[in-house]
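Single-letter residue listing:
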Amino acid sequence: MNRSDELSKGIRTALDLEGGALSASTAQAAAEVLRRADGRRGLGSEHTVVAFAGSTGSGKSSLFNAVSGLEIAEVAVRRPTTSEPIACVWGEGGDDLLDWLEVPESRRTWRESALDGDDEEPLRGLILIDLPDHDSTAYAHREVSDRLIEMVDVVFWVVDPQKYADFTLHNRYLAKMSAAAESTVVVLNQVDRLDAEQKKTTMGHLRSLLEADGMEKAGVAAASAVTREGVPEIRRELVKMIKSREAGQLRIEQELADIAGRIRAELGRPVDDPEKIPQSDMLIGAMNEAIGTSAIAQTVHDDYIRRAYAKTAYPPLAKASRGKADPLGARHGGDREVLLRAAQPELTQPQTARINLAAHEVISGATRRLPTAWKRAAAAAEDQSAARISADLESAVSEVEIAHRQPGWWGVAGFFQWLFFILTIFGVITTAAVAVLAFFFPEILSSTVPNMDLKVLGLVAAAPLVIGIVGSLITSILSAGARRKGADEARAQVESDIDRAVQSAAKDNVFEPVTRLLRKHKETYDGLS
Ligand SMILES: Nc1nc2c(ncn2[C@@H]2O[C@H](COP(=O)(O)OP(=O)(O)OP(=O)(O)O)[C@@H](O)[C@H]2O)c(=O)[nH]1
Ligand SMILES: [Mg+2]
């Protein structure tokens, strides 16, 4: 695809946007430029169309005759003279183009190069058009002139020493057509009326006026239809344009680029990365707060600690804790999963409102720089989001699994707690038994275990007690640590699961619709660059 095809495509995309994303005047101008570009492209690059435009009496028809070497155009002293365009075609063909330009058939002349020998050969492919004036009282002249000025490949503005600085010429035409500067040549005609000094001054002034019009890139020439001064140079310039066969394309490209620039200005600069939504963390935070993520996670944490304690703490303490009211069960009774679920609050209206407000801030912040029509699309996305985001959030969070499995280590720890507890009891009994015997029935003791030192016997009897107590202590310390770690993990797990659910509700209802809009805006803008 060449540049003008790319621009056409980009402009079409912009025009096809729903909801009238462009101003009416720009859309209309763009449609016209596209229509002209398509029309001109369809007629090929075999011919180059050049028109002489200008005020009445500047000498367009005279110069047209001088360049073509024929006396086709009517030249007169009465004003205005030319009322309909006249065309001269070098070589064959060109009817399609002239039909498109609506040049009357009776006003078309073919310059048969064969008749003129080699002189006219280089101009083969040229269609030269003499236009009516744009500034006489005859309104129809201006209409024809204005229409053709827009359609031809190159416009030669023929000005004269009296009127070259004319306000209308510069403000209504040249300044407005600066986008087509490379397809414009301004010819100061009638230079035979000026002396060398005046000519130099006038040309200098003309150049500075063109600069002020934004027409720096326009060509400038001096000529006289009477003395033929400058005419060969004009013909040479024409030959160059015909040879390149690019004049038509160049004009189209400039017009397309100009209208693309206008559309870009209306669209405003796109964001660098449509995937990056500012303040997205704020919305996630607000949603987490509304749904009570940390409260749910804390409940899961506390529930873990409580259940683990009952299974892994020192047996008498564990048993005592079981008698205490379950913070959840006391209130609700019944299935644990249902109870945990009950810890997830349903969103109240103020909470929903807070989420919607945060979504509004994110959406309006991300689309702040978009044009009004695009903001309307953003507002529609926001309405949809407001209708769904809270319900989506609730259902996403309710799908988060709150595990209440019993980790394997609870059983192991519980076993050791009981083992050491029983050992302690056993140790108490044996120690007490030995002590009672030693104090009250030493003879039984010495007959049962003769030769036994009492100290050693005492130690053996107390051993299970010591082992039981030390074992219980160690098991309790280890279990307490593991309970804290396990509870923290359960809390983190639930927190991250809920956060994921929150993220997905935010993505579906806010981030994705906004990104889609920003991406479309960026693609439209980039398609016009
Ligand atoms: N001295 C001098 N007179 C010129 C020159 N070119 C044109 N004229 C005269 O200026 C008058 C107007 O010339 P036209 O060629 O009819 O001017 P035009 O721009 O075609 O005018 P409209 O058709 O009315 O728009 C005629 O009397 C010409 O003889 C020139 O280079 N030098
Ligand atoms: Mg004329």
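Residues numbered from 1 in each chain as written. Chains lettered and ligands numbered in written order. Predicted model: local features only at pLDDT ≥ 70, side-chain atom pairs only at ≥ 80, totals over all residues. Heavy atoms only, no water.

### Some points on the overall build of the protein chain
Next up, step 1: Of regular secondary structure, the protein chain possesses 19 helices and seven strands.
Next up, step 2: Whereas a compact globule of 529 residues would reach a radius of gyration of roughly 24 Å, the protein chain reaches 47 Å, over 25% beyond that.
Next up, step 3: Pairs at least 24 residues apart make up 80% of the contacts formed inside the protein chain by residues separated by at least 6 positions.
Next up, step 4: About 26700 Å² of surface is accessible on the protein chain, with carbon and sulfur atoms providing 56% of the total.
Next up, step 5: Between the centroid of the 62 positive side chains of the protein chain and the centroid of its 75 negative side chains there is a distance of 7 Å. (Helix = DSSP H or I, 4+ residues; strand = E, 2+ residues; numbered from the N terminus. Rg over C-alpha atoms; globule rule 2.2 N^0.38 Å. Contact = heavy atoms within 4.5 Å. Areas by Shrake-Rupley, 256 points an atom, 1.4 Å probe, with all protein chains shown as cover. Lys, Arg positive; Asp, Glu negative; His and termini not counted. Charge placed at Lys NZ, Arg CZ, Asp CG, Glu CD.)

### Let's talk about the side chain of Thr-424
Next up, step 1: Along the polypeptide, Thr-424 turns up in helix H17 (residues 408-440).
Next up, step 2: Within the structure, Thr-424 has its side chain in polar contact with the backbone oxygen of Phe-420 (distance 2.5 Å).
Next up, step 3: Setting aside its immediate chain neighbours within four residues, Thr-424 contacts Pro-464, Leu-465, Gly-468, Ile-469 and Ser-472. (Polar contact = N/O pair within 3.5 Å; in protein donor to acceptor, adjacent residues only side chain to side chain.)

### Quick look at the site of ligand 1
Next up, step 1: Close to ligand 1 lie 22 residues; Thr-56, Lys-60, Ser-62, Thr-81 and Asp-192 are nearest.
Next up, step 2: In this structure, an oxygen atom belonging to ligand 1 sits 3.1 Å away from a side-chain N or O atom of Arg-79.
Next up, step 3: Within the side chain of Ser-224, one N or O atom sits 3.5 Å away from an oxygen atom of ligand 1.
Next up, step 4: Here ligand 1 has 650 Å² of accessible area as a free molecule, and 87% of this is covered by the chains.
Next up, step 5: Of the residues belonging to the shell around ligand 1, the class tally is five nonpolar, 12 polar and five charged. (Near = heavy atom within 4 Å. Nonpolar A, V, L, I, M, F, W, Y, C, P; charged D, E, K, R; others polar.)

### A short note on a nonpolar patch on the surface
Next up, step 1: On the surface, a cluster of nonpolar side chains totalling about 670 Å² of accessible area is made up of Val-466, Ile-469, Val-470, Leu-473, Ile-474, Ile-477 and Leu-478.
Next up, step 2: Residue placement: Ile-469 occurs in helix H19 (residues 454-526). (Patch = residues over 30% accessible without salt bridge, like charges linked within 9 Å, V, L, I, M, F, W, Y side chains within 5 Å. Salt bridge = Lys/Arg side-chain N within 4 Å of Asp/Glu carboxyl O.)

### A few points about the sheet that holds strand S2 (residues 86-90)
Next up, step 1: Taken together, seven strands build an open sheet; the order of strands is S3-S2-S4-S1-S5-S6-S7 and the sheet is mixed. Whereas interior strands pair on both sides, the edge strands pair on one side only; in this sheet they are strand S3 (108-111) and strand S7 (219-222). Here the strands of the sheet are splayed against their neighbours by 20° on average, with no regard to which way each runs.
Next up, step 2: Across five bridges, the pairing between strand S5 (residues 154-159) and strand S6 (residues 184-188) is parallel. By the bridge assignment, Val-158 is partnered in S6 with Val-187. (Pairing = 2+ DSSP bridges. Axes fitted to C-alpha atoms, helices over the stretch in contact; angles between N-to-C directions.)

### Some remarks on the coordination of the magnesium ion (ligand 2)
Next up, step 1: Donor atoms from the polypeptide that bind the magnesium ion (ligand 2) are Ser-61 (OG) and Thr-82 (OG1), placed at 2.0 Å. Of this pair, Ser-61 sits in helix H3 (residues 60-68) while Thr-82 sits in the loop between H3 and S2; the two residues are 21 residues apart in sequence, bridging distant segments of the chain. Of the two residues examined, Ser-61 and Thr-82, each falls in the buried class. (Donors = N, O, S within 2.8 Å, 3.2 Å for Na, K, Ca; no water. Buried < 20%, exposed > 50% of the residue type's maximum accessible area, 1.4 Å probe, protein only.)

### Here's the deal with the domain arrangement of the protein chain
Next up, step 1: If you check the domain split of the protein chain, you get domain 1 (46-245) and domain 2 (280-526).
Next up, step 2: Each of domain 1 and domain 2 has a C-alpha centre, and these two points are 87 Å apart. (Domains from an automatic or database assignment.)

### Here we look at the pairing of strand S4 (residues 126-130)
Next up, step 1: S4 sits mainly inside the fold: five of its five residues count as buried.
Next up, step 2: Across four bridges, S2 lies against S4 in antiparallel orientation. Bridge assignment links Val-89 to a residue of S4, and that residue is Ile-127.

### Here we look at the packing of helix H15 (residues 349-366) against helix H16 (residues 372-398)
Next up, step 1: As a packed pair, H15 and H16 sit with axes 10 Å apart at the nearest point and diverge in direction by 145°. Crossing angle aside, the handedness with which H15 passes H16 is right-handed. Contact residues: Thr-352, Ile-355, Asn-356, Ala-359, His-360 and Ile-363 in H15; Ala-378, Glu-382, Ser-385, Ala-386, Ile-389, Ser-390 and Leu-393 in H16.
Next up, step 2: Considered class by class, the residues forming the contact of H15 with H16 number seven nonpolar, five polar and one charged. (Left-handed = near helix turned anticlockwise from the far one by under 90°.)

### Thoughts on the nonpolar core
Nonpolar side chains tend toward joint burial in soluble globular proteins.
Next up, step 1: In this structure, Ile-11, Leu-283, Met-287, Leu-393 and Val-510 are the most contacted members of the largest nonpolar core, which totals 61 residues.
Next up, step 2: Of all elements in the fold, only helix H1 (3-15), helix H2 (24-42), helix H10 (247-267), helix H11 (280-291), helix H12 (293-312), H15, H16 and H19 reach the threshold of two or more residues within this core.
Next up, step 3: Here this core takes 14 residues from H19, the largest share from any one element.
Next up, step 4: Setting aside its immediate chain neighbours within four residues, Ile-11 contacts Ala-30, Leu-34, Leu-256, Ile-259, Ala-260, Ile-263 and Leu-528.
Next up, step 5: Core analysis: the next-biggest nonpolar cluster, separate from the first, contains 36 residues, Ala-87, Leu-98, Val-103 and Leu-210 among them. (Core = buried A, V, L, I, M, F, W, Y, C linked by side-chain atoms within 4.5 Å.)

### Regarding unusual backbone geometry
Next up, step 1: Here the amide bond leading from Arg-79 into Pro-80 is cis, since omega sits at -20°, within 30 degrees of zero.
Next up, step 2: With respect to the element layout, Pro-80 can be found in the loop between H3 and S2.
Next up, step 3: Located in the positive-phi region is Gln-190, a residue other than glycine, with phi close to 65°.
Next up, step 4: Inspection of the secondary structure assignment puts Gln-190 in the loop between S6 and helix H8 (196-212).
Next up, step 5: A positive phi is found at Arg-245, a non-glycine position, where the angle reads about 55°.

### A closer look at the packing of aromatic side chains
Next up, step 1: Evaluated as defined, the whole model comprises eight aromatic pairs.
Next up, step 2: When the centroid spacing of 5.4 Å and the interplanar angle of 50° are considered together, the rings of Trp-157 and Tyr-173 count as tilted. One end of the pair, Trp-157, is in strand S5; the other, Tyr-173, is in helix H7 (residues 167-174), with 16 residues separating them in the sequence. Each member of the pair Trp-157 and Tyr-173 is classed as buried.
Next up, step 3: Each ring, one from Trp-409 and one from Trp-410, has its centre 6.5 Å from the other, and the planes form 85°; the classification is edge-to-face.
Next up, step 4: Overall, Trp-409 belongs to the partly exposed group, its relative accessible area being 25%.
Next up, step 5: Through a chain of ring-to-ring contacts, the aromatic side chains of Tyr-304, Trp-409 and Trp-410 assemble into a single cluster.
Next up, step 6: Arg-264 extends its terminal NZ or CZ atom over the ring of Tyr-525, reaching a point 5.9 Å from the ring centre. (Phe/Tyr/Trp six-rings, centres within 6.5 Å; stacked < 30°, edge-to-face > 60°. Lys NZ or Arg CZ within 6 Å of the ring centre and 35° of its normal.)

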